[in-house]
Amino acid sequence: MTDQAVEPEVGRARPRKEDARLITGQTNWTDNISVGGLLHMAILRSPMAHARITRVDVSPARERPGVIAAFSGADLAEGLGSLPCAWPVTEDIVLPDHPPIAVDEVRYAGDPVALVVARDRYTAADALEAIEVDYEPLPPVLDLEAALAEDSPLVHSDKGTNRSYVWPLRTGEDFDSVRQRAEVTVKRRYHHQRLIPNAMEPRAVGVTPLAASGEYTLYSSTQIPHIVRVMMAVVTGIPEHKIRVIAPDVGGGFGSKLQVYGEEALALAVARKTGRPVKWTESRSEGYLATHHGRGMIQDVEIAAMRDGRLLGLKVDLLTDMGAYLMLVTPGIPLLGAFMYPAIYKMDSYDFTCTGVFTTRTPTDAYRGAGRPEATYAIERIMDELAVELGLDPVELRRRNWIGHEEFPYTSIAGLTYDSGNYEAATEKALALFDYDKLRAEQADRNHRGDSVRLGIGVSTYTEMCGLAPSRVLRDLRYAAGGWEAATIRMLPTGKVEVVTGTSPHGQGHVTCWSQIAADVLGVPFEDVEVVHGDTKAAPQGMDTYGSRSLVVGGAAVHHAARKVVDKARKIAAHLLEASENDLEFTDGVFSVKGSPDARKTIQEIAFETFTSHDLPDGLEPTINAEHLVDPDNFSYPHGTHLCAVEVDTETGQTRIRSYVCVDDVGKVVNPMIVEGQVHGGLAQGIAQALYEEAVYDDEGNLVSGTMADYLVPSAVDLPEFTTARTETPATSNPLGVKGVGEAGTIASTPAVVNAIVDALRPFGVHDIRMPCTPERVWRAVRSGKEARS
Amino acid sequence: MIPPAFDYTRPTSVDEAVRALADAGEGEDAKVLAGGQSLLPLLRLRLAFPELVVDVGRIPELRGVREDGDTLAIGAMTTHHDVVRDPLVRRHAGLLAAATATVADPAVRHRGTLGGSLAHADPAGDLPAVVLALNGELIAQGPHGRRTIAARDFFVDYLQSALEPDELLVEVRVPKSDGWGFHYEKFHRVAQAYAIVGVAALVRRDDGRIAEARVGLTNMGATPLRAAAAEEALAGAADAQAIARASDAAAEGTRPAQDVSASAEYREHLARVLTQRAVLAASGMG
């Protein structure tokens, strides 16, 4: 037998194990799951942003044939607690009650007011129209600044204020003092529009009650089955051990399914009341109202520097739109950004304040990047403004301020310790791929000629904190849970392997990557590994999937658990081979005795030995299965440099992305194809914020962009060819050296695109365009620039 | 996304379809289902509440393209996809093929039909302005036979055509425009979105000058419009500058909407810029 080393699985572009099934439609979405006697739930939602409910009469709906039951909020109030907020960021935070269904007041268009359960979903939808509700309109609260005025109408009148909290972070030298010694200061206001997450699969919930045992199985299209289980016990009073949560196939989330939703509680309540299984699936337009939104922020940013470009300090003052209620992590989202505004730069002073504001709109919460895209946008936009002020090339300004690769580990002004990075390498690679100098020359030429189509170049150098999260840091930030992750490896008698993970995939490819990690450590074929997830009965421990954490924390747990399996197997192999453990080698799944290569046992053989347990060492547990929980001791810090060239048609205002180059450093890569896919998708969503998407409300607080006809999600034809590349600086905080890639593209791309558009329009005196940079906004900016000049 | 209840019938001939519409009679709101790309969303969003849906999707005589002298006759149920690929349309009505290729995405083009999009009379749809520019005619069949409606008389108001409730649009007739230059200039933010403004241009040149220009405007009012003032000004134009000057009149007489995707002022501006571009492209003087 030749002793040829097997090619490692980690690093291979394995096609995803998940895909054949998903692509051919052999899927198990929540909405596909059906059981006998299933009832269908439909929810009547408030058509008004803010109103008192003076009367709800569901009885006409109850009389419809096929309707089994109908409930008002009052009917369900008993037995349902408030939906949870797990991140009360300050001690004195204003944290209003959030009933899963409104009882006496609605606070956003889409707030549930009544529901129907019927034999089929058509009957249920029709019966909603029979429900009678009287509303007494109350004034909407829509403007973040006006909401804080003394005389503003209130979203929660009993609270006496629309201010939920003020959270400060001040580090280093006092900002007033650096402002005084600064030679240049630049101050800008930036707006982040509200975004509506668009997962491919809308949300769906199903509940199957088992009357005899009092158990409930809750199927939910969720990112967080484990957290939902805990929270449903709290909200409904059903004991936790009587609730099983299953997240079957889940078609995307982007943070929108990192949530504990009213519909989950309502489905449980209905199943408890009727004793029947019940299901609810949102429509796309219903989801636009009822699934949480993202972003929604006004940023006042001031940067202080010396003439040579050296940064002295940064001041950031945020107003962030909470919407009507604080949901699972609503108030904490800006805090995930709070530490990232200083980004990759060295400075002496940082002064951050965030004010959370209630409005009568759909609640906001995590959306891909969650706080970090906002931070990266602000710093990368104002760095460009500063470069203009100083007459420096924007890349050169960054170069003069970033942390040198030799300075790692580096503790940032915000107090994070960046373990590794190489901003120089990523930037050099990006500039070369982009052909930066040539594009600058073309830009100058077009400007000189007065071409109606201008060229703009945008740069965005970013880092992010991900791999959420060290539990002690979460404690300090007043987050109510930990940030650990769990994995179990089960070695089956026939040598096959089950990896049980507490992470909860919804499109990322965990099954493939966890198989690659386990296959390498155990020395078993990739094909022999199955991954079990998304069922609190099968994978009882976990903190689920969000914040680019699964690989960094959950993948590390798989690695550690697999190492434990090998260590356990080694004892049995030593016994069977009659050798000392120290004399054993373990390569490609085979234990052998040093010096006598014929004396060997495969790990599969050891697994079978534990099944029979006929010949194990005295006192040894008859298993090599192992479990491991990881609580990370630091975040991970992906970084990179993105360059975008746009052509702006100054006659129509239309922007076309001509080229886009990104060089990301996400550390070691388990599966390059999956990383590539994550980068593409991330870029699409970041570009969408820059150019296309916006949740638009009218003056009454109605969502105007309420369908995909008006809320513009770009498709592949609207996006440019991406040039992606990587540098690879391993993370030092986990054994795999990985950093996470789920959010990088979204975080980096938005400022790259807007910087490019503004760069194109500098000759017209333009220094900002509000997102999304619609053709009309661009055209108006050009026109007012021209008028100012003439 | 669950439509309200309705009755449904799927006739297999035009006569049967017209009878179904006529039988629905007064007071009962019947809707014709063609490719479903407009009606189904309206039903699912509960913006339309017909009592009867007459599905004309299985009537073979409504599909296909044929020559009739100097005219092309296109069955109302011919899909966008088939219009784009049809050799007769490509040869004799290039503007229609080019504009139809910009409609939404391949999935929509495989389902959606020419007649359906015209009968829907949405001024944001691409094809009403195109058929208007082509001086097309629409053939309606009712209980008392067929009648011909000129495109300029067909689009009455927003989502409202000249069809009577018991009439079915069966055929679209466009004069052959061999020898005319053409271009459809569509301005939208993403490929699947409706045009903010679209301009359909047909140009006949004579001796290096524009002898005749026809300009149809998408989404510049409650109905598709002709840019009559610009058309007049374009006659005789011999170069790009003259086209640019004439295009300044493109928004005259229009009343574009102000909505979530654009202001009226911006639409008027776009009409001028896009008319200039469309005519330049159609005339080959660009």
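What counts as what
- In this convention, every chain numbers its residues from 1, walking through the sequence in written order.
- All chains are assigned letters beginning at A, and all ligands numbers beginning at 1, according to the order in which they are written.
- Under the rules for a predicted model, residues below a pLDDT of 70 receive no local features and side-chain atom pairs below 80 are neither given nor counted, while totals for whole chains, interfaces and linings still include all residues.
- Strands are runs of DSSP state E lasting at least two residues, helices are runs of H or I lasting at least four, and both sets are numbered from the N terminus onward.
- For the radius of gyration, the atoms used are the C-alpha atoms, and the globule rule reads 2.2 Å times the number of residues raised to 0.38.
- Think of it as a crowd count around each C-beta: if 20 or more other C-beta atoms lie within 10 Å the residue is buried, if 12 or fewer it is exposed, and in between it is partly exposed, with C-beta placed from the backbone throughout.
- What counts as a contact is two residues whose backbone-derived C-beta atoms lie within 7 Å of each other.
- Nonpolar core, as used here: buried Ala, Val, Leu, Ile, Met, Phe, Trp, Tyr and Cys residues forming one set through C-beta atoms within 7 Å.
- Under the scheme applied here, ten amino acids are nonpolar (Ala, Val, Leu, Ile, Met, Phe, Trp, Tyr, Cys and Pro), four are charged (Asp, Glu, Lys and Arg), and all others, including Gly, are polar.
- Those domain boundaries reflect an automatic or database domain assignment.
- Axis lines are fitted through C-alpha atoms, for helices just across the contact stretch, and the angle between N-to-C directions can take any value from 0 to 180 degrees.
- Orientation categories follow fixed angle ranges, with anything under 35 degrees roughly parallel, anything over 145 roughly antiparallel, 65 to 115 roughly perpendicular, and all other angles oblique.
- Left-handed describes a crossing whose near helix is turned anticlockwise from the far helix by less than a right angle; the clockwise case is right-handed.
- Here a strand pair is declared whenever DSSP counts at least two bridges between the two strands.
- UniProt positions are given in the numbering used here, feature names are shortened, and annotations may be inferred rather than shown by experiment.
- What a helix is expected to span follows from its residue count: subtract one and scale by 1.5 Å.
- A residue's pLDDT is simply how confident the predictor is in it, with values from 0 to 100.

1. Describing the overall build of chain B
So, point 1. In terms of regular secondary structure, chain B is built from 12 helices and 14 strands.
So, point 2. A compact globule built from 286 residues would reach a C-alpha radius of gyration of about 19 Å, and chain B, at 19 Å, matches this within 12%.
So, point 3. Taken over the C-alpha atoms alone, chain B extends approximately 55 × 45 × 30 Å along its principal axes.
So, point 4. Sorting the 286 residues of chain B into buried and exposed places 52% on the buried side.
So, point 5. Within chain B, residue pairs in contact and separated by at least 24 positions form 63% of the contacts whose partners lie at least 6 positions apart.

2. Structural notes on the overall build of chain A
So, point 1. Helix and strand counts for chain A come out as 21 helices and 28 strands.
So, point 2. On C-alpha atoms alone, chain A measures out to a radius of gyration of 28 Å, which is about the 28 Å that the 2.2 N^0.38 rule sets for 790 residues.
So, point 3. Along the longest, intermediate and shortest principal axes, the C-alpha atoms of chain A span 95 × 70 × 50 Å.
So, point 4. A total of 790 residues make up chain A; the buried ones form 56% of that total.
So, point 5. Of all intrachain contacts in chain A linking residues separated by at least 6 positions in sequence, the fraction that spans at least 24 positions is 80%.

3. Things to note about the nonpolar core
All names here are of chain A.
So, point 1. One finds Ala518 and Ile757 to be the most contacted residues of the largest nonpolar core, which totals 337 residues.
So, point 2. It is helix H17 (residues 550–576) that contributes the most residues to this core, 13 residues altogether.
So, point 3. Every residue in contact with isoleucine 757, bar those within four places of it in the chain, is listed here: Gly456, Val646, Val648, Thr655, Ile769, Cys773 and Val778.

4. A word on the interface of chain A and chain B
Many structure descriptions define interface size as the accessible area lost when the parts assemble.
So, point 1. Contacts between chain A and chain B engage 24 residues on the former and 17 residues on the latter.
So, point 2. For the side of chain A that touches chain B, the secondary-structure elements that each account for two or more residues are helix H4 (121–128), helix H9 (284–290) and helix H21 (775–789) of chain A.
So, point 3. Here the side of chain A that touches chain B takes 4 residues from H4 of chain A, the largest share from any one element.
So, point 4. A breakdown of the residues in the side of chain A that touches chain B according to their chemical character gives 10 nonpolar, 7 polar and 7 charged.

5. Observations concerning the domain arrangement of chain B
All names here are of chain B.
So, point 1. For chain B, the domain assignment lists domain 1 (7–52), domain 2 (65–174) and domain 3 (193–283).
So, point 2. Summarising the inter-unit geometry, the C-alpha centres of domain 1 and domain 2 are found 19 Å apart.
So, point 3. Counting residues at the interface gives 12 residues for domain 1, matched by 18 residues for domain 2.
So, point 4. Going through the elements one at a time, helix H1 (14–24) and strand E2 (30–33) are the ones with two or more residues in the side of domain 1 that touches domain 2.
So, point 5. Take the side of domain 1 that touches domain 2: its biggest share by element is 5 residues, from H1.
So, point 6. For the side of domain 1 that touches domain 2, the class distribution of residues is 8 nonpolar, 4 polar and no charged.

6. Examining the packing of helix H7 (residues 225–236) of chain A against helix H8 (residues 262–274) of chain A
Residues and elements named next belong to chain A.
So, point 1. The N-to-C vectors of H7 and H8 enclose an angle of 60 degrees; their axes lie 10 Å apart at closest approach. Viewed along their axes, H7 and H8 adopt a mutual orientation that is oblique. Of the two elements, H7 crosses H8, and the hand of that crossing is right-handed. Residues Val228, Met232, Val235 and Thr236 of H7 lie in contact with H8, whose contacting residues are Glu264, Ala265, Leu268 and Ala269.
So, point 2. Among the residues forming the contact of H7 with H8, the class breakdown is 6 nonpolar, 1 polar and 1 charged.

7. Brief notes about the sheet that holds strand E2 (residues 51–57) of chain A
All names here are of chain A.
So, point 1. If you trace the 3 strands from one edge of the open sheet to the other, you get E4-E2-E6, paired in antiparallel fashion. The sheet terminates laterally at strand E4 (105–106) and strand E6 (132–137), the two strands that pair on one side only.
So, point 2. Pairing geometry for E2 and E6, over 6 bridges, is antiparallel. Considered in E6, the bridge of alanine 51 is made with proline 137.

8. Describing the environment of proline 209 of chain A
Residue and element names in this part refer to chain A.
So, point 1. Locating proline 209 in the fold gives a position in strand E9 (residues 204–210).
So, point 2. Take proline 209: there are 23 C-beta atoms within 10 Å of it, and that puts it in the buried class.
So, point 3. Setting aside its immediate chain neighbours within four residues, proline 209 contacts Tyr216, Ala271, Arg272, Gly275 and Pro277.

9. Focus on unusual backbone geometry
So, point 1. For the bond from leucine 468 of chain A to alanine 469 of chain A, the omega torsion is -5 degrees, close enough to zero to count as cis.
So, point 2. For the bond from methionine 771 of chain A to proline 772 of chain A, the omega torsion is -10 degrees, close enough to zero to count as cis.
So, point 3. Inspection of the secondary structure assignment puts proline 772 of chain A in the loop between helix H20 (744–761) and H21.
So, point 4. The phi torsion at arginine 46 of chain B lies on the positive side, around 55 degrees, for a residue other than glycine.

10. Observations concerning the environment of glutamate 406 of chain A
So, point 1. Inspection of the secondary structure assignment puts glutamate 406 of chain A in the loop between helix H12 (394–399) and strand E16 (410–411).
So, point 2. Taking the C-alpha atoms as reference points, glutamate 406 of chain A and leucine 439 of chain A, separated by 33 residues in sequence, lie 31 Å from one another.

11. Things to note about the domain arrangement of chain A
Residues and elements named next belong to chain A.
So, point 1. Structurally, chain A comprises domain 1 (33–138 + 200–252 + 257–290), domain 2 (368–462 + 635–789) and domain 3 (484–630).
So, point 2. Relative placement of domain 1 and domain 2: their C-alpha centres are 39 Å apart.
So, point 3. Taken together, the contact between domain 1 and domain 2 spans 7 residues of the former and 8 residues of the latter.
So, point 4. Of the residues assigned to the side of domain 1 that touches domain 2, the class counts are 4 nonpolar, 2 polar and 1 charged.

12. Regarding the sheet that holds strand E25 (residues 626–630) of chain A
Residues and elements named next belong to chain A.
So, point 1. If you trace the 4 strands from one edge of the open sheet to the other, you get E21-E20-E19-E25, paired in mixed fashion. The sheet is open, and its two borders are formed by strand E21 (529–532) and E25, each paired with just one other strand. Strand after strand, the sheet turns through a mean of 20 degrees between neighbouring axes, direction not considered.
So, point 2. By the bridge criterion, 5 bridges tie strand E19 (residues 485–491) to E25 in an arrangement that is antiparallel. Bridge pairing in E25 places glutamate 485 opposite valine 630.

13. Comments concerning the UniProt feature "domain: Aldehyde oxidase/xanthine dehydrogenase a/b hammerhead" (unreviewed entry) in chain A
So, point 1. UniProt feature "domain: Aldehyde oxidase/xanthine dehydrogenase a/b hammerhead" (unreviewed entry): in the numbering of this structure it lies at residues 24–139 of chain A.
So, point 2. Secondary structure content for residues 24–139 of chain A is 15% helix and 30% strand, while the C-alpha to C-alpha distance between its ends is 50 Å.

14. Considerations on the packing of helix H11 (residues 240–247) of chain B against helix H12 (residues 264–283) of chain B
Residue and element names in this part refer to chain B.
So, point 1. One can describe the packing of H11 onto H12 by two numbers: an axis separation of 8 Å at closest approach and a directional angle of 145 degrees. Judged by the twist between their axes, the crossing of H11 over H12 is right-handed. For the pair H11 and H12, the contacting residues are Ala240, Ile243, Ala244 and Ser247 in the first and Arg272, Thr275, Gln276, Val279, Leu280 and Ser283 in the second.

15. Remarks on the pairing of strand E5 (residues 71–75) of chain B
All names here are of chain B.
So, point 1. Where strand E4 (residues 65–68) meets E5, 4 bridges bridge the pair, whose relative direction is antiparallel. Pairing of aspartate 68 across the sheet is with threonine 71, part of E5.
So, point 2. Between E4 and E5, which follow one another and run antiparallel, lie 2 residues, and glycine 69 among them has a positive phi close to 65 degrees.
So, point 3. Sheet topology places E5 next to strand E10 (residues 168–175); 5 bridges connect them, and they run antiparallel.

16. Details of the pairing of strand E18 (residues 453–463) of chain A
Residue and element names in this part refer to chain A.
So, point 1. Of all 11 residues making up E18, 10 are buried, and the element is well covered by its neighbours.
So, point 2. Of the strand pairs in this sheet, E18 and strand E26 (residues 639–649) are connected by 11 bridges, and their pairing is antiparallel. Bridge assignment links serine 460 to a residue of E26, and that residue is histidine 642.

17. Let's talk about helix H14 (residues 436–449) of chain A
Turn by turn, an α-helix covers 3.6 residues, leaving residues three or four places apart pointing in a common direction.
All names here are of chain A.
So, point 1. Here H14 contains 14 residues, and its C-alpha end-to-end distance of 20 Å stays within 8% of the 20 Å for a straight helix at 1.5 Å per residue.
So, point 2. H14 sits mainly on the outside: 1 of its 14 residues count as buried.
So, point 3. Two residues or fewer after H14 comes glycine 450, characterised by a positive phi angle close to 70 degrees.

18. Notes on the confidence of the model for chain B
So, point 1. Confidence along chain B averages 96 in pLDDT terms, with 100% of residues attaining 70 or more.
So, point 2. Predicted complex, confidence summary: ipTM 0.96, pTM 0.97.

19. Let's talk about the environment of leucine 336 of chain A
All names here are of chain A.
So, point 1. By the secondary structure assignment, leucine 336 is in helix H10 (residues 333–338).
So, point 2. Judged by C-beta crowding, with 24 C-beta atoms within 10 Å, leucine 336 ranks as buried.
So, point 3. Here the alpha-carbon distance between leucine 336 and glycine 371, two residues 35 residues apart in the chain, equals 5.1 Å.
So, point 4. Apart from residues lying up to four places away in sequence, leucine 336 is in contact with Ala370, Gly371 and Arg372.

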